[in-house]
Amino acid sequence: MLKRVRQIIAVISIIMVTFLFVDFTGIAARYLGWIAKVQFLPALLALNVGVIIFLLALTLVFGRVYCSVICPLGILQDGFGWIGKKAKKNRYTYSKEKRILRYVMLVLTVIAFIAGIASFVALLAPYSAYGRIASSLFAPIWDGCNNLLADWAEKHESYAFYTVDTYIKGGITLGVAIVTFVVLFILAWRNGRTYCNTICPVGTILSFFARYSIFRPVIDTKKCIDCKLCERNCKASCISIANGHQIDYSRCVTCFDCIEKCPKGAMTYTYRRPEKNVASSVEGDQVKISDADTKAEINASSKTDVSRRGFLASGVAMATVAMIEAKEKTTDGGLAVIEEKKIPNRKTPIVPPGAQGIRHLTRHCTACQLCISECPNDVLRPSTDVSMLMQPVSSYERGYCRPECTRCSNVCPTGAIIPLSRADKSSVQIGHAVWVKENCIPLTDGVECGNCARHCPTGAIMMVNSDPNNPESKKIPVVNTERCIGCGACENLCPARPFSAIYVEGHENHRII
Amino acid sequence: MKKDINRRDFLKRFGLGASVVGLTLASCDSTKDKVAYTASKSELPTGKMTYRTNPKTGQKVSILGYGCMRWPTKSGGSARYEDEEIDQETVNNLVDTAIKYGVNYFDTSPAYCKGKSEHATGIALSRHPRNSYYIATKLSNFAPETWSRQAGIDMYRNSLKELQTDYIDYMLLHGVGMGDDGMDEFNKRYIDNGILDFLISEREAGRIRNLGFSYHGDIRVFDYLLANHDKYKWDFVQIQLNYLDWKHAKEINERNTNAEYLYNELAKRHIPAVIMEPLLGGRLSNVPDHIVTRLKQREPERSVASWAFRYAGSHPDVLTVLSGMTYKEHLIDNLNSFCPLKTLSSEEMNFLYSTADLMMQYPTIPCNDCKYCMPCPYGLDIPSILLHYNKCVNEGNVPESSKSENYAEARRAFLVGYDRSVPKLRQANHCIGCYQCAPHCPQSIDIPKELHRIDEFVENLKTGKI
């Protein structure tokens, strides 16, 4: 019964998070945005005190239910473990807590966070890891299905579905997502929650509270027949029958599998009685079981997935190329060929409005990719710069930061991008436009243009005669940098290709104009 | 038991099926009769063409005139838009058919089909007796280098040669009123160089049987020429007339004049009118669905275009209605409208005027997808953008404000449909306004202006300003 409830909540929860990541219409963000905001690490970064207290209290009362029903990466691993158990029943064994590893990982995370090494935190954060998997691996499948429906809708003159562009937004992020997915698949398939109880910093923090949780599973030694079914079905490897029926509550994720499994009804989920100690062990004597096995397995698995990653990556790349080619076929005929825009060499990266500046963004962002999957204008993409690896940066060769859109700021769970109203957004300067004389069409082609000035939402671009003494001379744009907000409309709509004649330089710190 | 039922069922179905087959076969026979009957009815009768009389010469001119500006090319398109050789064999065939059913007015010009029309028309017509048809051609001295007297005379003499004849039945000053300053250009083309006097002398010599002009644009020139009718004695005038331009020409384009005024001015002076653009560049055959329904409901067996042709022919002072027929189907359809012409009643005329009012509620851009503006050097797909806009106009998906009844659906249909019809990189927001396209547009659409207007509309839709 308890297990069934846990499973139902977990499935609903992971479906909601996944929908949040794959949806491109903005509907999910409107109704399900909260689910990203109740994730532990994002709430911590956003200093969302209410959520933190709630989650800690939840853990203190019920144990690590967070890891079983809220954390999407935990639920995903349960999914993998479920497949593993299909292959081989009763496959888990007890192992002792690798406390040193856990604490080292936690300390490293804290140090990296304080030192501002965002990419390290981002790599370990469970919610963000799931976000990268969902946005890099699941979203393309979702988009593909949507595009099939869109084709069908088009044939039936319906506007219910529209086609979305699917492309690799960041190679590194995709690679990281694939590696994470494969490693976790192998780990969870074979040993359940290894990651959660060794590496995951959130798991370690919650374990401090879970050790003292009020409700927890206990073994009634009077009823127990030492059949070890509970131990062999514990995905956290935290039940040890041989060592006096101990349960390590720091690792127990409160999945209730053991309670369901027990043939004698010897296990119950009950509150802690101060005077009693049936068999609950907080630390307990450690059994000398070698953990070399597990380590060897980790090594082996990471070795295999190097080649596997290559294979998968090339497969995805090939599929994408095929898709692009098929698309381009529809656009020939008497049309001029359009060269693809190239990204200009920006001295400072552009980060989205609401991020306040590069420093604020890098310090708060866990690179979950939610803003990137949310961006409807193909502006945001994961950075490849080491100092802000996988965190969002803006570029305008596919689209520009449209004045009516504030979706990234509204969806960010960590407060790395702070919510903005439309009016606020249009007065935040995230960069400024720079004119490149050599590329400007009126000078190179000798025709009237002014497309940048025509589309500037703040009227920061004016057209002036290229020769001040000749009122007949072709007009060129001048930028009033005080009014420019760096939205990139000019860069994106500039007819010069592959490099625009006007491009945006990012600002380290955003300011209000 | 079960098996039995199945078998019985099977037999039942089989029997039913067989009888259906039988019925179908039986009905096939009767259908055949019907088809044969309709076919024989639609067979064109010779000698039924309606003719109008030229008041000066008493000549009988067929109400359907053949416009020779769209002769077919060998690749199957119209020579107007393609840089290809004219398909002479098909031209001969079209001319033979036209003459067989009574068409006797052929209108060409030294400018048509990149200058090849007169030659092709001459070949086709010279295969028939010279007195079985009338030739209309023009002095098409548009380019400033042809404004000299000698160049004008050369052009005229060349027309006689190409058309293999020693006289022209109907000679026109081509497109008076065009240009930035219509009056000035008219003077330079025909008055200052004495060409008009020359043509009048040719008329006196009998080498020009009727002298007239075709008019576009500046109304001052039209008024001036009619005011001097006593001096020039115009035998006919060619004007643009159709049921949309009758009252709405000025609304569609500020430079134009309503056909009602033009026609009445001519009728007042008993000058026969030759009608061009009866179909308004195809816009009166390619109309919104609700207009098709409206027209078809009244005359299910007539084409949409036939309404426009019969409308033009129903004005009593019209000498002939020109149609540039590239395909045999166009010719047959028009012959059906004019053999004989059943003139529209005043009730039917009013029906067309209210149809025109309905069409004007949908201010479509007069693009007919000729692709002459293409390729745009900056990659835009101009006709697709304009046609998408027109489609949304015709379907009522161009909301005027967010308070419009169907705002949400219309907005979605416009924006989603826009991305479907035009790839993002070829949409209107990429138009830089270089104006390289505009001079190529035969409908004189101010393309960059229209694109910027559509872009602004899209922008307003996206930002929720409307």
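None of these values were measured; they are calculated from a predicted model.

## A few points about the overall build of chain B
A count of helical and extended segments in chain B gives 18 helices and ten strands. Within chain B, buried positions represent 53% of all 466 residues. Relative to all contacts within chain B whose residues are 6 or more apart in sequence, the contacts with residues 24 or more apart total 73%. Accessible surface, chain B: about 21,700 Å² in total, of which carbon and sulfur atoms supply 53%.

## Details of the interface of chain A and chain B
On the side of chain B, 30 residues touch chain A, which itself brings 31 residues to the contact. Where chain A packs against chain B, one counts one salt bridge. Counting every contact that joins chain A to chain B gives 14 residue pairs in polar contact (both at pLDDT 80 or more). Of all the secondary structure elements, the ones that give two or more residues to the side of chain A that touches chain B are helix H9 (126-155), helix H21 (451-455) and helix H22 (489-493) of chain A. Looking at the side of chain A that touches chain B residue by residue, the classes come out as 16 nonpolar, six polar and nine charged.

## Remarks on the side chain of Ser323(B)
On the secondary structure map, Ser323(B) appears in strand S10 (residues 318-323). Here Ser323(B) is in contact with Leu64(B), Gly65(B), Tyr66(B), Gly67(B), Phe309(B) and Asn334(B), once residues within four sequence places are set aside.

## Section: the environment of Cys371(A)
Residue and element names in this part refer to chain A. By the secondary structure assignment, Cys 371 is in helix H17 (residues 370-374). Taking the C-alpha atoms as reference, Cys 371 lies 8.9 Å from Arg 381; in sequence the two are ten residues apart. The contact partners of Cys 371, leaving out residues within four places of it in the chain, are Leu 380, Pro 392, Cys 408, Val 411 and Ile 417.

## Some thoughts on the environment of Leu386(B)
Residue and element names in this part refer to chain B. If you trace the backbone, Leu 386 turns up in helix H16 (residues 382-394). Assessed through its relative accessible area of 2%, Leu 386 is described here as buried. As a C-alpha pair, Leu 386 and Leu 451 span 65 residues in sequence and 7.7 Å in three-dimensional space. The residues contacting Leu 386, other than those within four sequence positions of it, are Ile 365, Cys 367, Glu 450, Leu 451 and Ile 454.

## Focus on the sheet that holds strand S4 (residues 105-107) of chain B
Strand pairing in a sheet relies on backbone hydrogen bonds, with the paired strands running either antiparallel or parallel. Residues and elements named next belong to chain B. The eight strands are arranged S3-S4-S5-S6-S7-S8-S9-S10 in a closed barrel whose pairing can be described as parallel. Between one strand axis and the next, the sheet turns through 25° on average, direction left out of account. Strand direction decides the pairing type here: strand S7 (residues 208-215) and strand S8 (residues 236-240), joined by three bridges, are parallel. Along S8, the bridge assignment pairs Phe 213 with Val 237. Against the sheet, helix H13 (residues 304-313) touches strand S9 (273-276) and S10, its axis set at about 155° to S10. Across the sheet, helix H14 (residues 328-338) lies against strand S3 (64-67) and S10, angled at about 160° from S3, the strand it touches most.

## Structural notes on helix H18 (residues 447-463) of chain B
Counted at 1.5 Å a residue, the expected span for H18(B) with its 17 residues is 24 Å, and the 24 Å between its end C-alpha atoms agrees. Looking at H18(B), one finds that the buried residues are Ile447(B), Pro448(B), Glu450(B), Leu451(B), His452(B), Ile454(B), Asp455(B), Phe457(B), Val458(B), Leu461(B) and Thr463(B). Taken together, the buried residues of H18(B) touch helix H19 (422-425) and H21 of chain A together with H16 and helix H17 (407-421) of chain B. Remark: Gly464(B) follows H18(B) within two positions and exhibits a positive phi of approximately 75°.

## What about helix H11 (residues 259-268) of chain B?
Residues and elements named next belong to chain B. Taken together, the buried positions of H11 are occupied by Ala 259, Leu 262, Tyr 263, Glu 265, Leu 266 and Ala 267. Buried-residue contacts for H11 involve S7, helix H8 (219-227), S8, helix H10 (245-252), S9 and S10. Following H11 by one or two positions, His 270 adopts a phi angle in the positive range, close to 55°.

## Digging into empty space enclosed by the protein
All names here are of chain A. Under the defined criterion, the tally for this structure stands at 17 cavities of 30 Å³ or more. Space inside the largest cavity adds up to approximately 120 Å³. Looking at the lining of the largest cavity element by element, the count peaks at three residues for helix H18 (residues 407-411). Per-class residue counts for the lining of the largest cavity are ten nonpolar, four polar and two charged.

## A few points about the packing of helix H1 (residues 2-22) of chain A against helix H2 (residues 27-37) of chain A
All names here are of chain A. Orientation of H1 relative to H2, taken along the N-to-C sense of each, is 125°, at an axis distance of 9 Å. Between H1 and H2, the crossing angle belongs to the class labelled oblique. Between H1 and H2 the crossing geometry is left-handed. In this structure, H1 contributes Ser 13, Met 16, Val 17, Phe 19 and Leu 20 to the contact, and H2 contributes Ala 28, Ala 29, Leu 32, Gly 33, Trp 34, Ile 35 and Ala 36.

## Some thoughts on the packing of H13(B) against helix H15 (residues 346-360) of chain B
All names here are of chain B. For the pair H13 and H15, interaxial distance at closest approach is 11 Å and the crossing angle is 125°. For the element pair H13 / H15, the angle class is oblique. In this structure, H13 crosses over H15, and the sense of that crossing is left-handed. In this structure, H13 uses Trp 307, Arg 310 and Tyr 311 to contact H15, whose residues at the interface are Glu 348, Met 349, Phe 351, Leu 352 and Tyr 353. A class-by-class count of the residues in the contact of H13 with H15 yields six nonpolar, no polar and two charged.

## Things to note about the confidence of the model for chain A
All names here are of chain A. Summing up the model confidence of chain A, the mean pLDDT is 86 and the portion of residues at 70 or higher is 88%. By mean pLDDT, helix H15 (residues 292-329) is the weakest element of chain A at 42, and H22 is the strongest at 96. Note that pLDDT drops below 50 for residues 275-313; the model gives that stretch 45 contacts with residues more than four away or on any other chain.

## Side note on the packing of aromatic side chains
Residue and element names in this part refer to chain A. The full count for this structure, using the stated rule, is 37 aromatic pairs over all chains. On the basis of an interplanar angle of 65° and a centroid distance of 5.7 Å, the ring pair of Phe 19 and Trp 142 is categorised as edge-to-face. Placement of the pair is Phe 19 in helix H1 and Trp 142 in helix H9, with a sequence separation of 123 residues. Of the residues examined, Phe 19 reaches a relative accessible area of 27% and is grouped as partly exposed. Looking at Trp 142, the relative accessible area reads 37%, which means it is partly exposed.

Scoring rules and cut-offs
Throughout this document, residue positions are counted from 1 along each chain, in the order its sequence is written. Working convention: letters from A go to chains and numbers from 1 go to ligands, in the order in which they are written. In view of the model being predicted, local features appear only for residues whose pLDDT reaches at least 70, and side-chain atom pairs are presented and counted only at 80 or more, with totals across whole chains, interfaces and linings using the full set of residues. By convention in this description, side-chain values take in all heavy atoms of the structure and omit both hydrogens and water. Helix and strand definitions follow DSSP, with helices as H or I runs of at least four residues and strands as E runs of at least two, each counted in order from the N terminus. Each residue's exposure class comes from its accessible area (1.4 Å probe, protein chains only) as a fraction of the maximum for that residue type: buried when under 20%, exposed when over 50%, partly exposed otherwise. Contacts between residues were defined by any pair of non-hydrogen atoms, one from each residue, lying within 4.5 Å. Every accessible area reported is derived by Shrake-Rupley at a probe size of 1.4 Å, with residue values counting cover from the shown protein chains alone. Salt bridge, as used here, is a side-chain nitrogen of Lys or Arg placed within 4 Å of a carboxyl oxygen of Asp or Glu. Here a polar contact is taken to be a pair of N or O atoms separated by no more than 3.5 Å, where protein atoms must pair a possible hydrogen donor with a possible acceptor and residues adjacent in sequence count only if both atoms sit in side chains. Residue polarity follows a fixed list, in which Ala, Val, Leu, Ile, Met, Phe, Trp, Tyr, Cys and Pro are nonpolar, Asp, Glu, Lys and Arg are charged, and the others, Gly among them, are polar. We treat two strands as partners when DSSP finds at least two bridges between them. In this analysis an axis means a line fitted to C-alpha atoms, helices contributing only their contacting stretch, and an angle means the value between N-to-C directions, from 0 to 180 degrees. The span one expects for a helix is its residue count, reduced by one, times 1.5 Å. The definitions used throughout rest on a 1 Å grid laid over the protein atoms alone, on which a cavity is an enclosed set of points accommodating a 1.4 Å probe that cannot get out and a pocket is an open set flanked by protein within 12 Å on both sides along at least five of seven lines; lining residues are those having an atom within 4 Å of a point. Grid points are joined across faces, edges and corners, and a volume is the space filled by probe spheres set on the points. Roughly parallel means an angle under 35 degrees; roughly antiparallel means over 145; roughly perpendicular covers 65 to 115; every other angle is labelled oblique. Whether a crossing is left-handed or right-handed is set by the direction in which the near helix is turned from the far one by less than a right angle, anticlockwise for left-handed and clockwise for right-handed. pLDDT expresses, on a scale from 0 to 100, how confident the predictor is about each individual residue. Classification of ring pairs rests on two measures: the distance between centres of Phe, Tyr or Trp rings, Trp counted by its six-membered ring, which must be within 6.5 Å, and the angle between planes, read as stacked under 30 degrees, edge-to-face over 60 and tilted in between.

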